[in-house]
Amino acid sequence: MSILELVNVSKVYGEGATEVDAISHIDLAVERGSLVAIMGPSGSGKSTLLTIAGSLEMPTTGDVIINGKNVVGMSRDDKARLRRRTIGYVFQDFNLLAGLTAVENVSLPLELDGIAMKKARTQGLSVLEELGLLDRAERFPDELSGGERQRVAIARAIVGERSLLLADEPSGALDSANGEAVMRMILSACHGGVAALVVTHDAKLASWADRVVFLRDGKAVDETLPHETPEGILVHEAAHPSES
Amino acid sequence: MSIRHSLLALLSEGPKYGFQLRQEFEASTGDVWPLNVGQVYTTLDRLERDGLAESDGVDADERQKNFRITQKGEEELSRWLRTPPDLAQPPRDELVIKILVASGLPDVDVYDIIQVHRRYVVQLMQQWTHLKEDESHLDLAFALAIDAELFRLDSVVRWLDAADGRLRRAAHEASTGGDAEYPRIRLRMGAHR
């Protein structure tokens, strides 16, 4: 089942002579439990696509269907509720609130949604535990390393019943070991049933995805074929015993 | 992959039997590089001949012989570890040649050709990444070898991206008679210095 579906989505900024097609005629579905990466250079429309997928912006034409509901035409309140309950965002610069501890940051979206502080905290702690960050729960963001901050941001994005994780260059400023840890965490959220859409220009990050869609000048020009083993790769015998 | 020096490295840990060396050699390369099993025994023969290793059994077959490293072998191993491989000469890169050729052909869409290769390389990277997904069964040597391959392939994607950008800028400059936005910005920046 698709958690996110973009149907013939286009976004035009400006009017007349200054009109710019940020994205054109995008069709994209992200299934429950799957990780899709969008790769493209700066200015290819990656971030626009992500903000539209997250209902932060409306498309000029086309439909954005999240958990079976079309976001286009939805009231502001309904969209806000959908964002709070269903969608988690991860940004390059973490966006944690400096005055709150890790667990307070993680449980904040639940409290904003009206869940009692104590219950929200319990759920926050349980996500931190799942992601191996329980011993960091009472630390403030400036007491955490960059990698830990991003892992807390991922915990915040998947806390509660969220089913769609949207990430914009999630390991942007991190070294490769921490970048890998972040992608492993997103993947493990997917194994737990979350659908994730990650935009990046980094092929090492994108290669964690089940499917990579290539964006160029606002158009989806190509994508990797998930079940095709490219010719020439040496297959690890232990990983593929049937082929040995 | 130097079988000769890898075997010396294994022997530097202590004396070992031929069959044991073969098993450990396969494990130490993380099974990433294909191996001709016969080569291990041939190489052990040569190590003995060159005085880099010695064995006790004269008549026994290679599998049953017990090998140990000599002083000369220790020195050769140390010299090899510290000698950088020749990276000064750029390899003859078939992909680079294909893109260079494509960029000069009037009826070929070079960006399309770049994308064909980009997709292929990213797919390869997905395969390698998938192999290291399950950390609980990830052998350290195998993980290091996969990382090396991923970094190598990543540099190919980066080059394709850079080539794509450079070709687009060049095409834009050609179509605007060289009066493109890009050099103008560069001039303005220069004026500030």
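Residues numbered from 1 in each chain as written. Chains lettered and ligands numbered in written order. Predicted model: local features only at pLDDT ≥ 70, side-chain atom pairs only at ≥ 80, totals over all residues.

A look at the overall build of chain A
Inference 1: Secondary structure assignment for chain A yields seven helices and 10 strands.
Inference 2: Taking 18 Å as the expected radius of gyration for a compact globule of 244 residues, we find that chain A reaches 19 Å, a close match to that expectation.
Inference 3: Considered along the principal axes of its C-alpha atoms, chain A spans approximately 55 × 50 × 30 Å.
Inference 4: The long-range fraction of contacts in chain A, counting pairs at least 24 apart against all pairs at least 6 apart in sequence, stands at 68%. (Helix = DSSP H or I, 4+ residues; strand = E, 2+ residues; numbered from the N terminus. Rg over C-alpha atoms; globule rule 2.2 N^0.38 Å. Contact = placed C-beta atoms within 7 Å.)

Looking at the packing of helix H6 (residues 110-131) of chain B against helix H7 (residues 140-175) of chain B
Residue and element names in this part refer to chain B.
Inference 1: Running from N to C, H6 and H7 point in directions that differ by 160°, and their axes come no closer than 10 Å. By the angle between their axes, H6 is roughly antiparallel relative to H7. In the crossing of H6 with H7, the sense of the turn from one axis to the other is left-handed. Residue-level contacts link Val110, Tyr111, Ile114, His117, Arg118, Val121, Val122, Leu124, Met125, Trp128, Thr129 and Leu131 of H6 to Ile146, Glu149, Leu150, Leu153, Asp154, Val156, Val157, Leu160, Ala163, Asp164 and Leu167 of H7.
Inference 2: Here the contact of H6 with H7 is composed, by residue class, of 17 nonpolar, two polar and four charged. (Axes fitted to C-alpha atoms, helices over the stretch in contact; angles between N-to-C directions. Parallel < 35°, antiparallel > 145°, perpendicular 65-115°, else oblique. Left-handed = near helix turned anticlockwise from the far one by under 90°. Nonpolar A, V, L, I, M, F, W, Y, C, P; charged D, E, K, R; others polar.)

Some points on the nonpolar core
Inference 1: Of all hydrophobic cores here, the largest spans 85 residues; its most connected members are Leu165, Ile186, Ala196, Leu197 and Val198 of chain A.
Inference 2: Take this core: its biggest share by element is nine residues, from H7 of chain B. (Core = buried A, V, L, I, M, F, W, Y, C linked by C-beta atoms within 7 Å. Buried ≥ 20, exposed ≤ 12 C-beta atoms within 10 Å, placed from the backbone.)

Focus on the confidence of the model for chain A
Inference 1: Chain-level statistics for chain A give a pLDDT mean of 88 and a share of 92% at 70 or above.
Inference 2: Across residues 230-244 of chain A, where pLDDT falls below 50, the model places 17 contacts with residues more than four positions away in sequence or in other chains. (pLDDT = per-residue confidence, 0-100.)

Some thoughts on helix H1 (residues 46-53) of chain A
Residue and element names in this part refer to chain A.
Inference 1: Most of H1 is tucked away: six of the eight residues are buried.
Inference 2: What H1 keeps buried is the set Lys46, Thr48, Leu49, Leu50, Ile52 and Ala53.
Inference 3: Directly beyond the C-terminal end of H1, a positive phi value near 60° is found at Ser55.

Overview of the pairing of strand S7 (residues 164-168) of chain A
Residue and element names in this part refer to chain A.
Inference 1: Most of S7 is tucked away, with five of its five residues classed as buried.
Inference 2: In S7, alternate side chains face the same way, and those of Leu164, Leu166 and Asp168 on one face and Leu165 and Ala167 on the other are all buried.
Inference 3: Across four bridges, strand S6 (residues 87-90) lies against S7 in parallel orientation. The partner of Gly88 across the bridge, within S7, is Leu165.
Inference 4: Pairing analysis gives five bridges linking S7 to strand S8 (residues 195-200), with the strands arranged parallel. Bridging from a neighbouring strand, Asp168 pairs with Val199 of S8.
Inference 5: Chirality of the crossover, the property in question, places the unit of S7, helix H6 (residues 176-191) and S8 among those that are right-handed. (Pairing = 2+ DSSP bridges. Right-handed = clockwise from strand over helix to strand, strands pointing away.)

Section: the sheet that holds strand S1 (residues 2-13) of chain A
Residues and elements named next belong to chain A.
Inference 1: One open sheet holds the four strands; their spatial order is S2-S1-S4-S5, and the pairing between them is antiparallel. Two strands close off the open sheet at either side, each with one partner strand: strand S2 (20-31) and strand S5 (69-70).
Inference 2: Inspection of the sheet shows strand S4 (residues 61-66) paired to S5 by two bridges, in the antiparallel sense. Within S5, the residue paired with Ile65 across the bridge is Asn70.
Inference 3: Helix-sheet contacts for H1 involve S1, S2 and S4, and the interaxial angle to S1 is about 125°.

Concerning the environment of Ser10 of chain A
Residue and element names in this part refer to chain A.
Inference 1: Checked against the element boundaries, Ser10 lands in strand S1.
Inference 2: Note on Ser10: 17 C-beta atoms within 10 Å, which makes it partly exposed.
Inference 3: When the C-alpha atoms of Ser10 and Thr61 are compared, they prove to be 5.3 Å apart, with 51 residues separating the residues in sequence.

Notes on H7 of chain B
Inference 1: With 36 residues, H7 of chain B extends 52 Å between its outermost C-alpha atoms, agreeing within 8% with the 52 Å of an ideal straight helix rising 1.5 Å per residue.
Inference 2: Every buried residue of H7 of chain B is listed here: Phe142, Ala145, Ile146, Leu150, Leu153, Asp154, Val156, Val157, Leu160 and Ala163 of chain B.
Inference 3: Buried residues along H7 of chain B sit against helix H7 (203-206) of chain A together with helix H5 (94-104) and H6 of chain B.
Inference 4: Gly177 of chain B sits one or two residues past H7 of chain B and shows a positive phi near 65°. (Expected span 1.5 Å × (residues − 1).)

Focus on unusual backbone geometry
Residues and elements named next belong to chain A.
Inference 1: Even without a glycine there, the phi angle at His25 is positive, about 50°.
Inference 2: Classification of His25 by C-beta neighbours within 10 Å gives partly exposed; the count is 15.
Inference 3: In this structure, Ser55 takes a positive phi of about 60° despite not being glycine.
Inference 4: Along the polypeptide, Ser55 turns up in the loop between H1 and S4.

Some thoughts on the pairing of strand S3 (residues 35-39) of chain A
Residues and elements named next belong to chain A.
Inference 1: Most of S3 sits out of view: five of its five residues are buried.
Inference 2: The sheet contact formed by S3 and S8 spans five bridges and is parallel. Note that in S8 the partner of Leu35 across the bridge is Ala196.
Inference 3: Direction of pairing for S3 relative to strand S9 (residues 211-216): parallel, over a ladder of four bridges. Among the inter-strand pairings, Ile38 is bridged to a residue of S9, identified as Val213.

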